[in-house]
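Geometric and topological summary
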Amino acid sequence: MPATDPYTVRLAPDVYAYVQPDGGWCLNNAGFVSDGESTLLIDTAATERRALALREAVRAAGAPLPRTVVNTHHHGDHTYGNGVFVPEATVVGHEACRSEQDAAGHQLHLVWPDTDFGDITITTPTLTYDDRLTLHAGGTEVRLIHPGPAHTIGDSIVHLPERGIVFTGDLIFRGGTPFVLMGSLRGSLRALDLLRSLDATHVVPGHGPVGDASVYDATERYLRYVTELAAETHAKGLTPLEAARGADLGEFAQWRESERLVANLHRAYAELDGLPDGSPLDLAGAFIDMMTVNGGVPVACHA
């Protein structure tokens, strides 16, 4: 029977993944690195309750509470819980993660007004970087790598080279549909090349169970499917919604959040129209289209 409660996976003596099944909307993964004296946390959670549960999971592993929190990108499911860990911890992220989180504010509250997020104070990174940044958690080297616009314009890959471990953030959804509306379709493909070059043996996706480097393959197949579909339907003059409603998802039909196809087509069409990677799009319109594809039912936050 599949797990439904969050669980911790020990990937190395000092590295843990924190997985929140089933990885659907607002059920993200986190992780932490600790030598028993200092702890670095990778991402938080969408609600105060879930962030507090993550804090207790860190303690249950025998680790002290983090002095550093790294955000892989600005979305609220990965950042809303930051406030649970400050002021004791310094929040770190890409410079665009900070600016986008600041601009988004309580965006999840607007998308899902009936969800009990708890007491959420928007807590942005106070330490930012541009291209690469190296941190140390105890004796473990932690490299932050910005892949360029991909899932968002402010993504960070968290690579532990000595451990053969990578935390991808939402560059990878395992068992769920990728989501590039706020970043770049072609940039997401470039990010996959970068991820593969790191030669990690343990891959922690932003959503879904931990795997190995083979998890990249399904994501690439999907992104190339969207690229080909967009080229065909854009040339025919179809709207993203018309294209999505007429699409045969094939192997991807059983993935969670299949309605994201229409949002991804919005991004693909923007790139075909010559807009730069990461250019702002009509998010509200894309979410309305996702609701339409979802049978007129708003997409559900599972947190």
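These numbers come from a predicted model, not from an experiment.

Details of helix 9 (residues 283–293)
Listing the buried residues of helix 9 in full gives Gly285, Ala286, Phe287, Asp289 and Met290. Against the buried residues of helix 9 lie helix 4 (107–111), helix 7 (240–245) and helix 8 (260–272). Looking at where helix 9 begins, the residue whose side-chain oxygen comes 3.4 Å from the main-chain nitrogen of Ala284 is Asp282. Backbone geometry just after helix 9 places Gly295 at a positive phi near 80 degrees.

Section: the nonpolar core
Within soluble globular proteins, side chains that are nonpolar tend to cluster in buried spots. If you look at the biggest cluster of nonpolar residues, it comprises 53 residues, and the most contacted ones within it are Leu261 and Leu265. At the level of elements, strand 11 (165–173), helix 5 (185–197), helix 6 (215–235), helix 7, helix 8 and helix 9 are the ones that each hand at least two residues to this core. If one sorts the elements of this core by residue count, helix 6 sits on top with eight residues. Ignoring any residue separated from it by four or fewer positions in sequence, one finds Leu265 in contact with Val226, Leu229, Ala230, Pro240, Ala243 and Ala244.

Looking at helix 1 (residues 48–60)
With 13 residues, helix 1 extends 18 Å from end C-alpha to end C-alpha; this agrees with the ideal 18 Å at 1.5 Å per step. Where helix 1 is concerned, the buried positions are Arg50, Ala51, Leu54, Ala57 and Val58. The arc that holds every buried residue of helix 1, seen down its axis, measures 110 degrees, which confines them to one face. Structural note: helix 1 exposes Arg49 and Ala60 on the side pointing more than 90 degrees away from its buried face. Positioned one or two residues after helix 1, Gly62 has a phi angle of 80 degrees, which is positive.

With respect to the side chain of Ser184
Inspection of the secondary structure puts Ser184 in the loop between strand 11 and helix 5. Overall, Ser184 belongs to the buried group, its relative accessible area being 0%. Of the polar contacts made by the side chain of Ser184, one reaches the side chain of Glu271; its length is 2.8 Å. Sequence-distant contacts of Ser184, defined by excluding residues within four places in its chain, comprise Pro149, Ala150, Arg267, Glu271, Asp277 and Gly278.

Observations regarding the sheet that holds strand 4 (residues 39–42)
Judged by pairing direction, the sheet is mixed, and its seven strands sit side by side in the order 1-2-3-4-5-6-7 without closing on themselves. The open sheet has two edge strands, strand 1 (7–12) and strand 7 (127–129), and neither has a second partner. When strand polarity is set aside, the average angle formed by the axes of neighbouring strands in this sheet is 20 degrees. As paired strands, strand 5 (residues 68–70) and strand 6 (residues 90–94) are joined by three bridges and run parallel to one another. Note on strand 6: the bridge partner recorded for Val69 is Val91. Its contacts with the sheet put helix 1 on strand 1, strand 2 (15–19), strand 3 (30–34) and strand 4, and the angle it makes with strand 2 is roughly 150 degrees. Here helix 3 (residues 95–104) sits on the sheet and contacts strand 6 and strand 7; the angle it forms with strand 6, its principal contact strand, is near 105 degrees.

Looking at the sheet that holds strand 10 (residues 157–160)
Pairing within the open sheet is mixed, and its five strands lie in the order 8-9-10-11-12. A strand with exactly one partner marks an edge of an open sheet, and here the two such strands are strand 8 (132–137) and strand 12 (202–207). Adjacent strand axes in the sheet meet at a mean angle of 25 degrees when their direction is disregarded. Note: strand 8 against strand 9 (residues 140–145), six bridges, orientation antiparallel.

Details of the pairing of strand 10
The side-chain alternation of strand 10 yields two buried faces, one formed by Ile157 and His159 and the other by Val158 and Leu160. Pairing of strand 9 with strand 10, which is carried by three bridges, proceeds in the antiparallel orientation. Residue pairing in the sheet places Arg143 in a bridge with His159 of strand 10. Hairpin connection between strand 10 and strand 11: a loop of four residues separates the two successive antiparallel strands, and Gly164 in this loop has a positive phi of roughly 65 degrees.

Points about the packing of aromatic side chains
A complete count under the given rule lists eleven aromatic pairs for this structure. On the numbers, 6.0 Å between centres and 45 degrees between planes, the contact of Trp25 with Phe287 is tilted. Taken together, the residues Trp25 in the loop between strand 2 and strand 3 and Phe287 in helix 9 connect sequence positions 262 residues apart. Since its relative accessible area comes to 8%, Trp25 is described here as buried. Ring geometry for Tyr222 and Phe252: centres 5.3 Å apart, planes at 90 degrees, overall edge-to-face. Separated by 30 residues along the polypeptide, Tyr222 in helix 6 and Phe252 in the loop between helix 7 and helix 8 bring together distant segments of the chain. Grouping residues by exposure puts Tyr222 and Phe252 together as buried. Here the aromatic cluster, defined as three or more aromatic residues joined through ring pairs, consists of Trp25, Trp112, Phe179 and Phe287.

About the cut-offs
Residues numbered from 1 in each chain as written. Predicted model: local features only at pLDDT ≥ 70, side-chain atom pairs only at ≥ 80, totals over all residues. Heavy atoms only, no water. Buried < 20%, exposed > 50% of the residue type's maximum accessible area, 1.4 Å probe, protein only. Helix = DSSP H or I, 4+ residues; strand = E, 2+ residues; numbered from the N terminus. Contact = heavy atoms within 4.5 Å. Polar contact = N/O pair within 3.5 Å; in protein donor to acceptor, adjacent residues only side chain to side chain. Core = buried A, V, L, I, M, F, W, Y, C linked by side-chain atoms within 4.5 Å. Expected span 1.5 Å × (residues − 1). Arc of directions from axis to C-beta. Pairing = 2+ DSSP bridges. Axes fitted to C-alpha atoms, helices over the stretch in contact; angles between N-to-C directions. Phe/Tyr/Trp six-rings, centres within 6.5 Å; stacked < 30°, edge-to-face > 60°.

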